[in-house]
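In case you want the letters, here they are:
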Amino acid sequence: MTNSTPDATAYSVEEILRDGGSIHIRAIRADDRDRLQRHFNSLSQQSIYYRFFGIKRGLSERELERMTAVDFVDHVCLVATLRDGGEECFIGVARYVRSPNNAGRAEVAFAILDDHQGRGIGTVLLEHLSRVARAAGINEFEANVLGDNNRMLEVFGKSGFRVRRSAQGGVIHLSFPTAETADFIHASQ
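Predicted, not measured: the structure shown is a model, and the values here were computed from it. (Residues numbered from 1 in each chain as written. Predicted model: local features only at pLDDT ≥ 70, side-chain atom pairs only at ≥ 80, totals over all residues. Heavy atoms only, no water.)

J.: Is there a simple way to explain the sheet that holds strand β3 (residues 75-84) in this structure?
T.: The strands making up a sheet associate through hydrogen bonds between their backbones, and the pairing can be parallel or antiparallel. Pairing in this open sheet of eight strands is mixed, and the strands run β1-β2-β3-β4-β5-β6-β8-β7 from one edge to the other. A single partner strand is all that each edge strand has here, and the edge strands are β1 (12-16) and β7 (164-168). Each strand of the sheet is rotated relative to its neighbour by a mean of 25 degrees, with strand direction disregarded. Taken together, the ten bridges between β3 and strand β4 (residues 87-98) define a ladder with antiparallel strand orientation. Bridge pairing in β4 places Leu-78 opposite Ala-94. Sheet strands touched by helix α2 (residues 45-52): β4, β5 (105-112) and β6 (140-146). Its angle to β5, the strand with the most contacts, is close to 175 degrees. (Pairing = 2+ DSSP bridges. Helix = DSSP H or I, 4+ residues; strand = E, 2+ residues; numbered from the N terminus. Axes fitted to C-alpha atoms, helices over the stretch in contact; angles between N-to-C directions. Contact = heavy atoms within 4.5 Å.)

J.: Would you explain the nonpolar core in this entry?
T.: Grouped together as the largest cluster of nonpolar side chains are 51 residues, with contacts concentrated most on Tyr-96, Phe-110, Leu-125, Leu-129, Phe-141 and Phe-156. Broken down by element, this core gets its largest block of residues, seven residues, from helix α4 (residues 121-135). (Core = buried A, V, L, I, M, F, W, Y, C linked by side-chain atoms within 4.5 Å. Buried < 20%, exposed > 50% of the residue type's maximum accessible area, 1.4 Å probe, protein only.)

J.: What am I meant to see in the environment of Glu-140 here?
T.: Relative to the assigned elements, Glu-140 resides in strand β6. Filtering out sequence-adjacent residues up to four positions away, Glu-140 remains in contact with Gly-104, Arg-105, Ala-106, Arg-164, Ser-175, Phe-176, Pro-177 and Thr-178. Side-chain polar atoms of Glu-140 contact the side chain of Arg-105, separated by 2.4 Å. (Polar contact = N/O pair within 3.5 Å; in protein donor to acceptor, adjacent residues only side chain to side chain.)

J.: What is the right way to read the environment of Gln-37 from this model?
T.: Considering the arrangement of structural elements, one finds Gln-37 in helix α1 (residues 33-42). The spatial distance from the C-alpha of Gln-37 to the C-alpha of Leu-59 is 6.7 Å, given a sequence separation of 22 residues.

J.: Teacher, can you tell me more about the confidence of the model for the chain here?
T.: Note: predicted coordinates in regions of low pLDDT should not be interpreted at a detailed level. The predicted model of the chain averages 91 in pLDDT, with 92% of residues at 70 or higher. Every residue in residues 1-5 scores below 50 in pLDDT, and together they form three contacts with partners more than four places removed in sequence or on other chains. (pLDDT = per-residue confidence, 0-100.)

J.: Please explain the environment of Asp-84 as it appears in this structure.
T.: Within the fold, Asp-84 resides in strand β3. Classification of Asp-84 as exposed rests on a relative accessible area of 54%. Sequence-wise, Asp-84 and Gly-104 are 20 residues apart; in three dimensions their C-alpha atoms are separated by 38 Å.

J.: What is the right way to look at the pattern of salt bridges in this model?
T.: Opposite charge on two side chains allows them to pair when their charged atoms are near. Enumeration according to the criterion identifies 18 salt bridges in this entry. Residue Arg-105 is joined to Glu-142 by a salt bridge in which the shortest nitrogen-to-oxygen separation is 3.9 Å. Taken together, the residues span a long stretch of sequence, with Arg-105 in strand β5 and Glu-142 in strand β6 at a distance of 37 residues. Overall, Glu-142 belongs to the buried group, its relative accessible area being 16%. Each member of the salt-bridge network shares a partner with another, and the members are Arg-26, Arg-29, Asp-31, Asp-32, Arg-35 and Glu-88. (Salt bridge = Lys/Arg side-chain N within 4 Å of Asp/Glu carboxyl O.)

J.: Sorry if this is basic, but what is going on with the pairing of strand β2 (residues 22-27) here?
T.: Within a regular strand, the side chains alternate between the two sheet faces. For β2, the tally of buried residues reaches five of six residues, placing the bulk of the element in the interior. Direction of pairing for β1 relative to β2: antiparallel, over a ladder of five bridges. Each residue of the ladder has a partner; that of Val-13, found in β2, is Ile-25. The hairpin turn running from β1 into β2, its antiparallel successor, is five residues long, and Gly-20 in that turn takes a positive phi close to 90 degrees.

J.: How should I be thinking about the layout of surface pockets in this particular structure?
T.: To find leftover empty space, a probe the size of one water molecule is rolled over the atoms. Taken as a whole, the largest pocket encloses approximately 1,100 Å³ of empty space. Lining the largest pocket we find 49 residues, and of these Phe-110, Ile-112, Gly-122, Met-152 and Val-155 sit closest to its centre. Looking at the lining of the largest pocket residue by residue, the class counts come to 22 nonpolar, 14 polar and 13 charged. Each pocket or cavity is described by its volume, and for the second largest pocket that value is around 170 Å³. (1 Å grid on protein atoms, 1.4 Å probe; cavity = no way out; pocket = protein on both sides within 12 Å on 5 of 7 lines; lining within 4 Å. Points joined across faces, edges and corners; volume = space filled by probe spheres on them. Nonpolar A, V, L, I, M, F, W, Y, C, P; charged D, E, K, R; others polar.)

The following block contains the structure:
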């Protein structure tokens, strides 16, 4: 990596949200399994359904391993955290996984705690994921979003990226270049 390329494994920044609250965004670590499980357990059934496209009662040990032991090359995960009584808690998780068929493309996914939705956390996580992705040579993101998941569709729609949409069977497929645009820069401020 060059000096201008962010080291995704050490990624760590403070952000101010549109409501004035501050959050910490950092790379997920292998020791985050319990925090990730607590995050999942704190999501509503609707948020779990939107994220996983079905009912899910918990994360298996295998899923926790796959979601926390990421390689930061083909699989990157950033978390938004707050401190609660000295304990670091996840309020948002965002990841991308590089396409095995196209090294310049990756699929993104997000899960924001219900009590924190609408604060701009998904937008901020998308902004940071896109920076890491561009540095890693990923020039396009794609996502599948259930058609009635209006909050997530709004995150992508207001991101400033040039989003293309197609729909099939109640699922909206989105794709967009990760390149910064004037609209993206304006939306990020």
